[in-house]
Every structure is written in structure tokens, then in C-alpha cells.
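Observations on the three-dimensional arrangement
Each chain, letter by letter, is given below.
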Amino acid sequence: MEATISLRLPRDAASVPVIRQLLDASLGALGVEPQIRDDIQLMLSEACSNVIQHAEPSDDYMVSTELIRDRCVIKVVDAGNGFDSSMARAPSPISEHGRGLLIMQALADDVRFVNRPERGSIVCLEKTLRFVDDAPGRSLLLDEESELGQGVPEVVGDQPDVGDHLPAGDHADVK
């Protein structure tokens with residue numbers, strides 16, 4: 001089994017708890033350990049909050065989550081001006097803001113940024129899932145997929161081309 005959740009959300013702070021709660025409920029139903037769920041919620045919150053604060057002039061953004069085997073892959077796609085992660089500076093020790101990238105990097109097993117100048121950014125976060133005993137996710141995600149030997153997709157390229165809004169079906173290329 002492979003599970004995918006994709007939502008197009010308004011660039012509004014009220015959208016963050018919606019996607020957090022939806023993803024957490026899904027992970028909880030599969031029996032993902034609480035600490036892993038907490039890490040995922042915080043990573044997701046930071047990525048979405050960055051879009052809300054910085055993705056000018058985008059009106060909306062997309063969050064896509066794929067559960068494949070023992071991996072959770074989250075892509076947050078905006079249609080703003082783009083973001084070059086290499087230009088980010090470490091916050092001062094007394095700063096109240098600017099720690100989102102550090103938090104995502106600390107909690108995720110893998111973090112990738114795709115900068116699309118004048119067309120937005122893609123943040124891809126990956127986290128290994130661990131399940132409680134007798135969790136439905138063990139049999140639904142692990143047993144069937146391990147027999148098939150499928151791998152986890154990764155973001156490639158800088159597609160798609162987006163304007164001021166994310167058109168239906170807009171997502172990062174995967175291989």
C-alpha cells in the first residue's frame with residue numbers, strides 16, 4: 001500500500017493546523033510512534049509557516065505527503081519568488097525568529113530544497129517511520145511493499161512551471 005495526501009491551501013496561518021491535524025490523524029491511525037508523529041508535525045509546521053511568511057506574491061501553496069514503506073515524504077510547494085537555501089544565515093542566539101530551517105534539518109532524515117526563481121520553491125522533507133506494536137501500518141505499508149522492493153521517490157528537476165497560483169495537478173517531478 002502507498003498512501004498519498006495532497007492539499008492545496010490558502011497562504012494563511014489558519015491552514016497550518018488543518019494540514020498538521022490531518023496528517024497526524026492519518027499517522028496515528030496507522031500506528032506511527034508518537035515521537036515520530038511529533039517530529040513530522042513540527043517539520044511540517046515550519047515548512048508551511050515559511051511559505052506563509054515569505055512566499056510573496058503566492059496566494060496558495062500545496063502540501064503533498066506520501067507514505068511509502070517506512071518513509072514519510074512531505075513536499076511543500078509554493079509559487080512565490082523562490083528561496084535559495086544556501087543564502088540562509090544562522091540566527092543569532094537571542095533571536096526569536098529564523099530557526100525554522102535548523103529545526104527541519106534537525107528533525108528530518110533528509111531535507112532538500114528546490115529553488116525556482118520567480119516561480120517558487122519546493123521543500124522536500126523525509127522521515128523514517130517507526131510503528132507501535134501491532135500497528136496497522138506494519139502490515140499495510142511494510143509487508144506488502146517489502147515484497148515488491150519499491151524505493152522512495154525523490155524530487156528531481158525544477159518542474160512544474162507555475163504562475164501566481166498553483167494550477168490543478170501542480171507538483172514536483174519524482175522518479
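In the block above lies the structure referred to throughout.
Here goes a summary of the coordinates provided. Sequence order sets the numbering: in each chain, residues are counted from 1 along the sequence as written. Per-residue local features of the predicted model are confined to residues with pLDDT of at least 70, and side-chain atom pairs are confined, for both listing and counting, to 80 or more; whole-chain, interface and lining totals are unaffected and use all residues. Note: side-chain values were computed over all heavy atoms of the structure, leaving out hydrogens and water.

**Things to note about the overall build of the protein**
A count of helices and strands for the protein gives four helices and five strands. Each helix is a run of DSSP H or I of at least 4 residues and each strand a run of E of at least 2, with the numbering of both proceeding from the N terminus. What you see in the protein, going N to C, is helices and strands ordered as β-α-α-β-β-α-β-β-α. Taken over 175 residues, the protein has a buried fraction of 43%. Contact criterion: two residues are considered in contact whenever any of their non-hydrogen atoms come within 4.5 Å of each other. Here the analysis covers contacts within the protein between residues at least 6 apart in sequence; of these, 69% occur between residues at least 24 apart. Summed over all atoms, the accessible surface of the protein reaches about 8900 Å², with 50% contributed by carbon and sulfur. A 1.4 Å probe rolled over the protein chains alone gives each residue an accessible area, and that area as a share of the maximum for its type sets the label: buried under 20%, exposed over 50%, partly exposed in between. Computed by Shrake-Rupley with a 1.4 Å probe, the accessible areas treat only the displayed protein chains as cover when residues are assessed.

**Focus on the sheet that holds strand β4 (residues 110-116)**
Ordered by their spatial adjacency, five strands build an open sheet running β1-β2-β3-β5-β4, and the pairing between neighbours is antiparallel. The sheet is open, and its two borders are formed by β1 (2-10) and β4, each paired with just one other strand. For this sheet the average axis-to-axis angle between neighbouring strands, irrespective of direction, equals 10 degrees. Bridge count for strand β3 (residues 71-78) against strand β5 (residues 120-128) is seven bridges, and the pairing is antiparallel. At least two DSSP bridges between two strands are needed for those strands to be called paired. Between the N-to-C directions of two axes lies an angle of 0 to 180 degrees, each axis being a line fitted to C-alpha atoms and, for a helix, fitted only over the stretch in contact.

**As for the pattern of salt bridges**
Note on definitions: salt bridges are taken to be side-chain nitrogens of Lys or Arg within 4 Å of carboxyl oxygens of Asp or Glu. Taken as a whole and assessed by the stated rule, the structure comprises nine salt bridges. R130 is the salt-bridge partner of E33, the closest N and O atoms lying 2.9 Å from each other. Here R130 lies in the loop between β5 and α4 (136-148) and E33 lies in the loop between α1 (15-30) and α2 (34-54), a separation of 97 residues in the sequence. Relative accessible area serves as the criterion here: at 42%, R130 is assigned to the partly exposed category. Its salt-bridge partner being D39, residue K127 comes within 3.1 Å of it at the nearest N-O pair. A residue pair is termed long-range when its members are at least 10 positions apart, and K127 in strand β5 and D39 in helix α2 qualify at 88 residues. What emerges from the salt-bridge pattern is a single network uniting R71, D109, D110, R112 and E126.

**Quick look at the environment of E66**
With respect to the element layout, E66 can be found in strand β2 (residues 60-68). As a C-alpha pair, E66 and E126 span 60 residues in sequence and 9.6 Å in three-dimensional space. Counted as a polar contact is a pair of N or O atoms within 3.5 Å, where, for protein atoms, one must be capable of donating a hydrogen and the other of accepting one, and residues adjacent in sequence contribute only when both atoms are in side chains. Only 3.1 Å separates the side chain of E66 from the side chain of K75, close enough to count as a polar contact.

**Describing the pairing of β5**
Looking along a regular strand, one sees side chains alternate from face to face of the sheet. β5 sits mainly inside the fold: eight of its nine residues count as buried. Pairing between β4 and β5: seven bridges, direction antiparallel. Bridging across to β5, V111 finds its partner in L125. Connecting β4 to the antiparallel partner β5 that follows it, the hairpin turn spans three residues, and E118 within it adopts a positive phi of roughly 65 degrees.

**Concerning unusual backbone geometry**
Generally, phi is negative for residues other than glycine and the peptide bonds are trans, each holding for most cases. Unlike most non-glycine residues, R69 shows phi in positive territory, near 55 degrees. Relative to the elements of secondary structure, R69 occurs in the loop between β2 and β3. We note that D134 has phi near 60 degrees; this positive angle belongs to a residue other than glycine. In this structure, D134 sits in the loop between β5 and α4.

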